[in-house]
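Coordinates in review
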Amino acid sequence: MFPILQAAEIDSKLGVLLEKRSSIAHPELEAAVVSAFDALEQDGEKAIVDYTRRFDSETFCEEGIYLTDAFVESCVNGLEPDLRAAIDLAIKNISTVNAHIMSTLIDWTSELAPGHLVGERCLPQDSAMLWVPSRKAPLVSTAIMLCAAAATAEVKNIILATPPLADGFPDRNTVAAAYLAGARHFVCGNGLAIIAAASVGNWRHGRMNAIYGPGPQAIALAMHHGAKYGVATRPGIGPSDSLVIFENSEEDGYFDRLARNFLTEIEHGPDSFTYALTTSATAAKQLQNALKDTSDLQYGRNDHYASIAETAHGGVLVFADIDALVAFANRFSSEHLMINVTGNDRDYVLGNVVSSELLDGQFTPFAAANYCIGITAVLPTNGFARSCSGITSRDFIRFATYARLERQALSNLLPAIEAIGAVERLPNHVEAVRQSVGRCPERVAQN
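In this text the structure is predicted, and so the values were computed from the model without any measurement.

About the cut-offs
Residues numbered from 1 in each chain as written. Predicted model: local features only at pLDDT ≥ 70, side-chain atom pairs only at ≥ 80, totals over all residues. Heavy atoms only, no water. Helix = DSSP H or I, 4+ residues; strand = E, 2+ residues; numbered from the N terminus. Buried < 20%, exposed > 50% of the residue type's maximum accessible area, 1.4 Å probe, protein only. Contact = heavy atoms within 4.5 Å. Lys, Arg positive; Asp, Glu negative; His and termini not counted. Charge placed at Lys NZ, Arg CZ, Asp CG, Glu CD. Core = buried A, V, L, I, M, F, W, Y, C linked by side-chain atoms within 4.5 Å. Salt bridge = Lys/Arg side-chain N within 4 Å of Asp/Glu carboxyl O. Axes fitted to C-alpha atoms, helices over the stretch in contact; angles between N-to-C directions. Parallel < 35°, antiparallel > 145°, perpendicular 65-115°, else oblique. Left-handed = near helix turned anticlockwise from the far one by under 90°. Nonpolar A, V, L, I, M, F, W, Y, C, P; charged D, E, K, R; others polar. Disulfide = S-S within 2.5 Å. Pairing = 2+ DSSP bridges.

**Points about the overall build of the protein**
Within the protein one finds 18 helices and 14 strands. Overall, the protein is about 90 × 60 × 45 Å in size when its C-alpha atoms are taken along their principal axes. Evaluated residue by residue, the protein yields a buried proportion of 51% over its 447 residues. Of the contacts made within the protein by residues no fewer than 6 positions apart, 73% connect residues no fewer than 24 positions apart. The positive charge centre, built from 34 side chains, and the negative charge centre, built from 52, are 7 Å apart in the protein.

Structure follows, in structure tokens:
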């Protein structure tokens, strides 16, 4: 049964748990990640096969690491009509959202002074490897979101990587969804080894410009390590977490809907976190009663079935006021946040809370955002939302700064360059500009 904690109990009972959740550091895992990268540098694709047989599936499908076009085509053709329609709708909405994001990422130029131009050029990454796990269950929605974002950004080389299932083959629906969303190369194998290969470059596809995708701590640490090889990546996308902010209501079915949304993200597994936050003790008891009706609900995504209520990290928290509630929410910095308050409280929460995702109202549930609203659900967890955001087309774009100076504009900057160059003791910096200015008639005349 999910407990109700009053304000006085929250810090003492949750503090240590939240601090532990906020860290992906783990010495043994870090050593394992470094070992995997060393193996990939030395053995290349053989190391991917070895790691896959050791940790994922002893039976490797005849496709091998790299899936053939024929296999991918069979996955697409094998989609059930209802699932194909759902995938198409999700791709449409997600691509539209990312197209809006791309419309804000434009080349620009500004003239700071006569002959003095500055700006930026927006350039897509040449390549991206997108990791989609399936150890607990297939994540078709994640494949769509990542691949559609990369395709909308016009990444030239999009690689979908996913692990094998028990039969040695990847999940066919995931492969099909990724293809329809824009991926054109497909890899099947152990996640840690593939991330290492994409970072090191010792495999068919060479070193990737970007690597993104969710996973447990080992995957997050691998991506963090991959950044040392110059790869654009994002750690902190691990076990799911969410908050539900709610108030009291007499609306029919209100607390039953809240209970189901409370359970949505922790359904991913017992390493997930979900808390419901309120300022009403009455509302807290109502939600707890609604959750009792689901107390026999079990995780059904793998062979191990356990009661969600007995194993999940979760509870109903009652705060003295909305300020204290928002302060806790910001400390938690959730991956997903559903806002079920109205009036001034709603405005205050929306204006002050920290989260990767803001779902406004009881009819904007987590599941809709996870699948097909169009916004990304590949979001930072572990409290990383305080400094990071979700993966969209923006993450597949790099920016090149741009500048152009006419001679007179350079001449006008020379005094500042001389002053800063003298302090930094870089005489050639200054002399290079002086030589250029010396060929400027206007500057010569001033001298």
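Next comes the rest of the write-up.
**What about the nonpolar core?**
In terms of nonpolar packing, the biggest core is built from 48 residues, with L130, I144, L160, F186 and F396 touching the most fellow members. Elements that contribute at least two residues to this core include exactly α4 (69–77), α5 (81–104), β4 (127–131), α6 (140–152), β5 (157–162), α7 (172–181), β6 (185–188) and β7 (210–212). With nine residues, α6 is the single largest residue contributor to this core. Formed by 33 residues, the second largest nonpolar core is a distinct cluster that contains Y66, I195, A197 and V231.

**Comments concerning the pattern of salt bridges**
Pairing is possible between side chains of opposite charge, provided their charged atoms come close. For the coordinates displayed, the defined rule picks out nine salt bridges. D50 serves as the salt-bridge partner of K46, at 2.8 Å between the closest nitrogen and oxygen. Of this pair, K46 and D50 both sit in helix α3 (residues 45–55), four residues apart, roughly one helical turn. Taking relative accessible area as the criterion, D50 reaches 35% and is therefore assigned partly exposed. Between R84 and D88 there is a salt bridge, and its shortest N-O distance comes to 3.2 Å. One end of the pair, R84, and the other, D88, are both in helix α5, four residues apart, so they sit about a helical turn from each other. R84 gets classed as partly exposed once you look at its relative accessible area, which sits at 31%. In this structure, a network of salt bridges that share partners links the residues R346, D347 and D360.

**Things to note about the packing of helix α13 (residues 322–332) against helix α14 (residues 343–352)**
Viewed as axis vectors pointing N to C, α13 and α14 meet at an angle of 30°, and their least axial separation amounts to 11 Å. Considering the angle they form, α13 stands roughly parallel to α14. The crossing of α13 and α14 is right-handed. The segment α13 lies against α14, with I322, D323, V326 and N330 engaging D345, Y348, V349 and N352. Looking at the contact of α13 with α14 residue by residue, the class counts come to four nonpolar, two polar and two charged.

**Topic: the state of the cysteines**
If you walk through the whole model with that rule in mind, you get zero disulfides. In this model C372 remains outside any disulfide bridge; the closest cysteine sulfur is found in C147, 17 Å from its own.

**Observations regarding the sheet that holds strand β8 (residues 232–233)**
Taken in spatial order, the five strands of this open sheet run β6-β5-β4-β7-β8, and their pairing is parallel. Two strands close off the open sheet at either side, each with one partner strand: β6 and β8. Both β7 and β8 contribute to a ladder of two bridges, which runs parallel. Residue A210 lies in a different strand from β8, and its bridge partner there is A232. Where α6 meets the sheet, its contacts fall on β4, β5 and β7, and the angle it forms with β5 comes to roughly 165°.

**What to know about the sheet that holds strand β3 (residues 116–124)**
The antiparallel open sheet is built from three strands, whose spatial order is β2-β3-β14. Whereas interior strands pair on both sides, the edge strands pair on one side only; in this sheet they are β2 (108–113) and β14 (397–405). Taken over all neighbouring pairs, the strand axes of this sheet differ in orientation by 20° on average, direction set aside. Pairing of β2 with β3, which is carried by five bridges, proceeds in the antiparallel orientation. Bridge pairing in β3 places W108 opposite E120. Contacts from helix α16 (residues 407–424) reach β3 and β14 within the one sheet, and its direction differs from that of β14 by about 90°.

**Some points on unusual backbone geometry**
At E154, a position not held by glycine, the phi torsion is positive, near 70°. For E154, the position within the fold is in the loop between α6 and β5. In this structure E154 comes out as exposed when scored by relative accessible area, which is 59%. A positive phi angle, close to 60°, is found at N382, a residue other than glycine. Mapped onto the elements of the fold, N382 is located in the loop between α15 (366–371) and β14.

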